[in-house]
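Remarks on the overall topology
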Amino acid sequence: MRNKFILPLFLIASTLLGGCGYNTLQTTDEQIKAGWAEVLNQYQRRADLVPNLVNVVKGYAAHEKDVLTRVTEARAKVGTIQATPDLINDEQAFAKFQAAQGELSSALSRLLAVSENYPQLKADGLFRDLQAQLEGTENRITVARNRYIQAVQAYNVTVRQFPSNLTAMLFGYKVKPSFTVENEKEIAKPPKVDFGGTPPPSPTSAGYQ
C-alpha cells in the first residue's frame, strides 16, 4: 500500500522539478565544467610551449632581456594561480585568472614581434615549429573560451529566469562569472605569425643552446 503512494509522489516531484528548470541546471552546469576543463587544457598547452620558445629566442636575441623577462614572469604568474573547478564559482578569483592569462598573451605577442628583427631566428626550424604550435594553441584557446562563454550564458539565464530561478535558489545554484574583460577581443586574438618570404638557411642547433 505504501509503495502505491511513493511512486506517484516521485513522478509528481520529478515532473515539477523538470518543469522548474532543475534538469536544465544540471545539464548546463555539467557543460560549464566540461568547457572549463578544456579551457584549462589549452592554456596549459600554451604554458608548456613558453620555456622552449624563450630559450630559442634567447639564443639569437639574448639582449632583449625586457621582453624575455616579461614572458617568463607572466608564465610564472599564471602558474601561481590554482585553477581548480571552484575557481569558476569565485568572481574575484576568476578575474585574477583572466588577468594573468591576458598578461601572458600580451607578452607572447611582444616576443613574436621581436623575432621580426632577427632573420636568423625566423629561419630557425625549431622556432618556426614552436610558432606554428603556438598559433594553433591560441586558436584552440579562442574556441574553448567561446564554448565556455556560451555554456555559462545558458546556465546563467536558467539561474535568473522565472520559475527556474526559484529552483536555483532552493538548490544553491548561483550565477557564474564569464570572460568579460574590456579587451576581450584583443586578448583572444592569436599572436600574428608570419611565414611569408624565403627564409635564409637555418643556423646550427648550437646557435640556440
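What counts, and at which threshold
Residues numbered from 1 in each chain as written. Predicted model: local features only at pLDDT ≥ 70, side-chain atom pairs only at ≥ 80, totals over all residues. Heavy atoms only, no water. Helix = DSSP H or I, 4+ residues; strand = E, 2+ residues; numbered from the N terminus. Expected span 1.5 Å × (residues − 1). Polar contact = N/O pair within 3.5 Å; in protein donor to acceptor, adjacent residues only side chain to side chain. Buried < 20%, exposed > 50% of the residue type's maximum accessible area, 1.4 Å probe, protein only. Contact = heavy atoms within 4.5 Å. pLDDT = per-residue confidence, 0-100. Bend = angle between axes of the 7 residues up to and from the residue. Patch = residues over 30% accessible without salt bridge, like charges linked within 9 Å, V, L, I, M, F, W, Y side chains within 5 Å. Areas by Shrake-Rupley, 256 points an atom, 1.4 Å probe, with all protein chains shown as cover. Salt bridge = Lys/Arg side-chain N within 4 Å of Asp/Glu carboxyl O.

**Section: helix α6 (residues 125-160)**
- The end-to-end C-alpha separation of α6 is 52 Å, in line with the 52 Å expected for 36 residues at 1.5 Å each.
- Regarding α6, its N-cap is Asp 124, as a side-chain oxygen of that residue lies 2.9 Å from the backbone nitrogen of Leu 126 further along.

**Structural notes on the side chain of Asp 29**
- Along the chain, Asp 29 falls in helix α2 (residues 22-60).
- The class for Asp 29 is buried, based on a relative accessible area of 11%.
- Not counting chain neighbours up to four residues away, the residues in contact with Asp 29 comprise Tyr 155, Tyr 173 and Lys 176.

**Concerning the confidence of the model for the chain**
- Of all residues in the chain, 77% attain a pLDDT of 70 or more, and the chain-wide mean is 81.
- Segment residues 3-18 is flagged for pLDDT under 50; beyond a separation of four residues in sequence, or across chains, it makes five contacts in the model.
- Counting contacts from residues 190-209, a segment whose pLDDT is below 50, to residues more than four positions away or on other chains yields 32 contacts.

**Observations regarding α2**
- The end-to-end C-alpha distance of α2, which contains 39 residues, comes to 58 Å, matching closely the 57 Å that a straight helix rising 1.5 Å per residue would cover.
- Along α2, the helix axis deviates most sharply at Val 50, where the bend reaches about 30°; the proline Pro 51 sits within four residues downstream.

**So, the environment of Ala 47**
- Looking at the element boundaries, Ala 47 is found in helix α2.
- For Ala 47, a relative accessible area of 8% puts it in the buried group.

**Re a nonpolar patch on the surface**
- A contiguous nonpolar patch, built from Phe 162, Leu 166 and Met 169 and spanning about 370 Å² of accessible area, is present on the exposed surface.
- Positionally, Phe 162 belongs in the loop between α6 and α7 (164-171).

**A closer look at unusual backbone geometry**
- Here the amide bond leading from Phe 162 into Pro 163 is cis, since omega sits at 5°, within 30 degrees of zero.
- Here Pro 163 is to be found in the loop between α6 and α7.

**Regarding the pattern of salt bridges**
- Evaluation of the coordinates by the stated rule reveals seven salt bridges.
- Across the pair Lys 33 and Asp 29 runs a salt bridge whose closest N-O atoms are separated by 3.7 Å. One end of the pair, Lys 33, and the other, Asp 29, are both in helix α2, four residues apart, so they sit about a helical turn from each other.
- In this structure Lys 33 comes out as partly exposed when scored by relative accessible area, which is 43%.
- Note that Lys 122 is salt-bridged to Glu 116, the shortest N-O span being 3.2 Å.
- Taking the relative accessible area as the measure of exposure, Glu 116 reaches 39% and is therefore partly exposed.

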